[in-house]
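Read off the chains here:
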Amino acid sequence: MLRLANVDCHYGAVRVLEDLSFELAAGEVLGLLGRNGAGKTTALKAIMGLLPPRSGSIVCDGAELTGLKAHEIPRLGIAYVPQGRRLFAELSVEENLRMGLLARQTGDDVLARVQEMFPVLTERRGQRGGTLSGGEQQMLAMARALCLDPKLLLLDEPSEGLMPRMVDEVLRTVTAMKAQGVAVLLVEQKVDAALAVADRIAFLENGRLRQQASPAELAADPEPLHRYVGVRR
Ligand SMILES: Nc1ncnc2c1ncn2[C@@H]1O[C@H](COP(=O)(O)OP(=O)(O)O)[C@@H](O)[C@H]1O
Ligand SMILES: [Mg+2]
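Keep in mind the model is a prediction, meaning the values are calculated, not measured. (Residues numbered from 1 in each chain as written. Chains lettered and ligands numbered in written order. Predicted model: local features only at pLDDT ≥ 70, side-chain atom pairs only at ≥ 80, totals over all residues. Heavy atoms only, no water.)

A. Structural detail: the side chain of Gln138. With respect to the element layout, Gln138 can be found in helix H5 (residues 134–146). The buried category is assigned to Gln138, whose relative accessible area is 1%. When near neighbours in sequence (up to four residues on either side) are disregarded, Gln138 contacts Val81, Arg85, Pro158, Leu162 and Val170. (Helix = DSSP H or I, 4+ residues; strand = E, 2+ residues; numbered from the N terminus. Buried < 20%, exposed > 50% of the residue type's maximum accessible area, 1.4 Å probe, protein only. Contact = heavy atoms within 4.5 Å.)

This is the structure in structure tokens:
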């Protein structure tokens, strides 16, 4: 579904992604882990056309993404929930979701399916986005992304700042998307959250992909978690 090959990204003269290559299949969850500043957010921005790579290739479902404009990428069914969410605080829950339908002209059937996944949002459909709790805002940000009916979903630290119960809700949603065949690229700082839902973990350090491992492999040998994330277990 997604293949990055030899992607280099720069902020000015500073290279922040170097020779980044990985693949992600439909129905697979890839957890992208690494310390602050490792380049995780930049990797998602590169896929979304927000920071065009200087070299390399990014192919999703047969389409080359490099060279496309940022607004063209969601139309291909690639949804992105940025770090720190970013809702339309003044718009209602329902209006936020309808914004999500626009990019791909998805219809009310998609909206109904998404609302079914998030009953709490249906209860609050008239409430302004900015007045929801942090956890509810994350639910809304994810629900809005799902209104694209995506084949690829990019999540940047969706559990950040949430209570454990809401983290579980986020992970439940990731698992539900996977079951529908969506490919999910999950950037996380919470190692346990990533290990709970990911099929595979990729470790990023200084803009380079250092290692990939399955959660089972990491349970047997947690050394990469220590080396690349600083978690001791
Ligand atoms: N807008 C920016 N301008 C310049 N440098 C940036 C910008 N955003 C991020 N960086 C730098 O790029 C590197 C990777 O950042 P980022 O992708 O945000 O890391 P992560 O998400 O893994 O914490 C860091 O060294 C960061 O300081
Ligand atoms: Mg980040």
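B. Main features of the packing of helix H2 (residues 93–102) against H5. Following both chains from N to C, one finds H2 and H5 inclined at 35°, their axes separated by 7 Å at the closest point. The way H2 lies across H5 gives a crossing that is right-handed. Taken together, the residues of H5 that come into contact with H2 (itself represented by Val93, Asn96, Leu97 and Gly100) are Leu140, Ala143 and Arg144. Split by residue class, the contact of H2 with H5 holds four nonpolar, two polar and one charged. (Axes fitted to C-alpha atoms, helices over the stretch in contact; angles between N-to-C directions. Left-handed = near helix turned anticlockwise from the far one by under 90°. Nonpolar A, V, L, I, M, F, W, Y, C, P; charged D, E, K, R; others polar.)

C. Expanded view of the site of ligand 1. Near ligand 1 you find Tyr11, Val16, Arg35, Asn36, Gly37, Ala38, Gly39, Lys40, Thr41 and Thr42, and these make up its full shell. In the complex, the protein chains occlude 57% of the 560 Å² of accessible area that ligand 1 would expose alone. Of all the elements, helix H1 (residues 40–47) adds the most residues to the shell around ligand 1, at three residues. Its residues assigned to classes, the shell around ligand 1 shows three nonpolar, five polar and two charged. (Near = heavy atom within 4 Å. Areas by Shrake-Rupley, 256 points an atom, 1.4 Å probe, with all protein chains shown as cover.)

D. Structural detail: the sheet that holds strand E9 (residues 200–205). In space, the six strands of this open sheet follow the order E6-E7-E8-E3-E9-E10, with mixed pairing throughout. Every interior strand has two partners, whereas the edge strands, strand E6 (78–81) and strand E10 (208–213), have only one. Across the sheet, the mean angle from the axis of one strand to that of its neighbour is 20°, orientation sign disregarded. Taken together, the four bridges between E6 and strand E7 (residues 152–156) define a ladder with parallel strand orientation. Of the residues in E7, the one forming a bridge with Ile78 is Leu152. Relative to the sheet, H1 contacts strand E3 (29–33), E6, E7, strand E8 (183–187) and E9, its axis offset from that of E7 by approximately 150°. Where H5 meets the sheet, it contacts E6 and E7, and its direction lies at approximately 165° from that of E6. (Pairing = 2+ DSSP bridges.)

E. Molecular detail of the packing of H5 against helix H6 (residues 164–179). The contact between H5 and H6 brings their axes to 9 Å, and the two run at 15°. In terms of axis orientation, H5 runs roughly parallel to H6. With respect to the hand of their crossing, H5 and H6 are arranged in right-handed fashion. Note on element contacts: H6 touches H5 through Met166, Glu169, Val170, Thr173, Val174 and Met177, opposite Gly135, Glu136, Gln138, Met139, Met142 and Leu146. (Parallel < 35°, antiparallel > 145°, perpendicular 65-115°, else oblique.)

F. Spotlight on the sheet that holds strand E5 (residues 63–64). Ordered by their spatial adjacency, four strands build an open sheet running E2-E1-E4-E5, and the pairing between neighbours is antiparallel. What marks the edges here is a single partner per strand, and that holds for strand E2 (14–24) and E5. Looking at chain direction, strand E1 (residues 2–11) and E2 are connected through seven bridges and run antiparallel. Its bridge partner being in E2, Leu4 is matched across the sheet by Phe22. Sheet strands touched by H1: E1, E2 and strand E4 (55–60). Its angle to E1, the strand with the most contacts, is close to 110°.

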